[in-house]
Amino acid sequence: MSERKAAAKPTRRTGVREAAAQATRDSILKAATKVFAKHGYDGGSIEKISRAAKSYDRMIYYYFGSKEGLFIAVLEGIYKRMDDAEAAIALDTSRPVEALTEVIRFVLGYYRKNPEFVTLLNTENLHKGRHISKSLRAREYSSRAVAIIAEILASGERQALFRPALVARDIYLLIAATGYFYTSNRHTLTAFLGEPLESPEAVTHWEDFVIETVLRTVRADDTTEPTTTHENTPWQKSQPARSRARSSSGT
């Protein structure tokens, strides 16, 4: 019995070391996410990240190899968190209209609730995607998101609710574009349009409009009545006439 106990001790010590190593790695990733989101890739130095993580520069190099390796891990992490959150949605693809509506609400809501996600992607696009293109995991996250939409579209086509031959990637890009642009440009658009795009009323109005737009795009017919009467929304009524005119012509 004493021999068994002696043999078990190294296993427990190894487990503790592994847990401590994972905790250090996670702490560095969390700190790096905040630092890169605030300062960008060029301004997010190893020193700033190690201070924020209450760690040491050498630990970053040990776990991630380089600053670029750390930034790639950050990008993979934000994609994975969105993928995990989307996978947790209870979608009934046998009800394709409702399922697609839920996907739209999720995507727009996720961008809105996770501004660091949008900021980090903006940073990476400034670098023309040269870091994420080296990731071996990024494609698996995007392919899963497109696959969900493909399943919904196929269900809608079988029920003669959606048009045939729709491309899931196109619908994914339509949803992502409407959600991403609104969030990433909300500050400049608020100033440009003279409208409070972050107000609850404006956010709800935009979400309703996107849902209506996407459903009209995929439906087998285009005779669907609008889900909202945009001219009569309380949000737009509160805006000056000049602002409403600009919102219909400006981008």
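Whatever comes next refers back to the structure up there.
Scoring rules and cut-offs
Residues numbered from 1 in each chain as written. Predicted model: local features only at pLDDT ≥ 70, side-chain atom pairs only at ≥ 80, totals over all residues. Heavy atoms only, no water. Helix = DSSP H or I, 4+ residues; strand = E, 2+ residues; numbered from the N terminus. Buried < 20%, exposed > 50% of the residue type's maximum accessible area, 1.4 Å probe, protein only. Contact = heavy atoms within 4.5 Å. Areas by Shrake-Rupley, 256 points an atom, 1.4 Å probe, with all protein chains shown as cover. Salt bridge = Lys/Arg side-chain N within 4 Å of Asp/Glu carboxyl O. Phe/Tyr/Trp six-rings, centres within 6.5 Å; stacked < 30°, edge-to-face > 60°. Core = buried A, V, L, I, M, F, W, Y, C linked by side-chain atoms within 4.5 Å. Expected span 1.5 Å × (residues − 1). Polar contact = N/O pair within 3.5 Å; in protein donor to acceptor, adjacent residues only side chain to side chain.

**Q** Lay out the overall build of the protein chain in plain terms, naming residues and giving numbers.
**A** On a plain count of helices and strands, the protein chain comes out with 12 helices and 0 strands. Tracing the protein chain from N to C terminus, the helices and strands come up as α-α-α-α-α-α-α-α-α-α-α-α. Looking at the protein chain as a whole, 40% of its 251 residues qualify as buried. Relative to all contacts within the protein chain whose residues are 6 or more apart in sequence, the contacts with residues 24 or more apart total 70%. For the protein chain, the computed accessible surface area is about 14700 Å², with 55% contributed by carbon and sulfur atoms.

**Q** Can you break down the pattern of salt bridges residue by residue, with the values?
**A** With the rule as written, the count across this model stands at 9 salt bridges. Ionic pairing is found between Glu198 and Arg186, a salt bridge with its closest N-O pair at 3.0 Å. In this pair, Glu198 is assigned in the loop between helix 9 (186-193) and helix 10 (200-218) and Arg186 in helix 9, connecting sequence segments 12 residues apart.

**Q** Explain the packing of aromatic side chains residue by residue, including any values.
**A** For the coordinates displayed, the defined rule picks out 11 aromatic pairs. Here the aromatic rings of Tyr110 and Phe117 are separated by 5.8 Å at their centres, their planes lie at 85°, and the arrangement is edge-to-face. In this structure, Tyr110 and Phe117 share a single accessibility class: buried. With 5.8 Å between their ring centres and 25° between their planes, Tyr111 and Phe117 make a pair best called stacked. Judged by its relative accessible area of 5%, Tyr111 is buried. Phe117 gets classed as buried once you look at its relative accessible area, which sits at 3%.

**Q** Go over the environment of Gly40 with me, naming the residues and quoting the values.
**A** Mapped onto the fold, Gly40 is located in helix 1 (residues 2-43). Measuring from C-alpha to C-alpha, the distance between Gly40 and Leu120 comes to 7.5 Å, with 80 residues separating the pair along the chain. Beyond its immediate sequence surroundings of up to four residues, Gly40 is in contact with Val35 and Thr123.

**Q** If you had to explain the nonpolar core to someone new, which residues and values would you point to?
**A** For soluble globular proteins, the rule of thumb is that nonpolar side chains tend to be buried together. Grouped together as the largest cluster of nonpolar side chains are 52 residues, with contacts concentrated most on Phe36, Leu70, Leu100 and Ile175. Looking at this core element by element, the count peaks at 10 residues for helix 5 (residues 96-113). Ignoring any residue separated from it by four or fewer positions in sequence, one finds Leu100 in contact with Ile152, Phe162, Ile175, Val214, Leu215 and Val218. With 5 residues, the next largest nonpolar core counts Tyr182, Leu189, Leu197 and Ala202 among its residues.

**Q** Tell me about helix 6 (residues 115-126), and please be specific about residues and values.
**A** Relative to the 16 Å expected for 12 residues at 1.5 Å per residue, helix 6 spans 17 Å between its end C-alpha atoms, a close match to the ideal helical length. Of the residues making up helix 6, those classed as buried are Phe117, Val118, Leu120, Leu121, Thr123 and Glu124.

**Q** Residues and numbers for the environment of Phe181, please.
**A** Relative to the assigned elements, Phe181 resides in helix 8 (residues 168-184). In this structure the C-alpha to C-alpha distance between Phe181 and Tyr111, which are 70 residues apart in sequence, comes to 9.6 Å. If sequence neighbours within four positions are ignored, Phe181 has contacts with Arg186 and Leu189.

**Q** Mind laying out the side chain of Ser135, listing which residues take part and the relevant values?
**A** Within the fold, Ser135 resides in the loop between helix 6 and helix 7 (138-158). Overall, Ser135 belongs to the buried group, its relative accessible area being 11%. A polar atom in the side chain of Ser135 sits 2.6 Å from the side chain of Glu76. For Ser135, the contacting residues outside a window of four places in its chain are Ile72 and Glu76.

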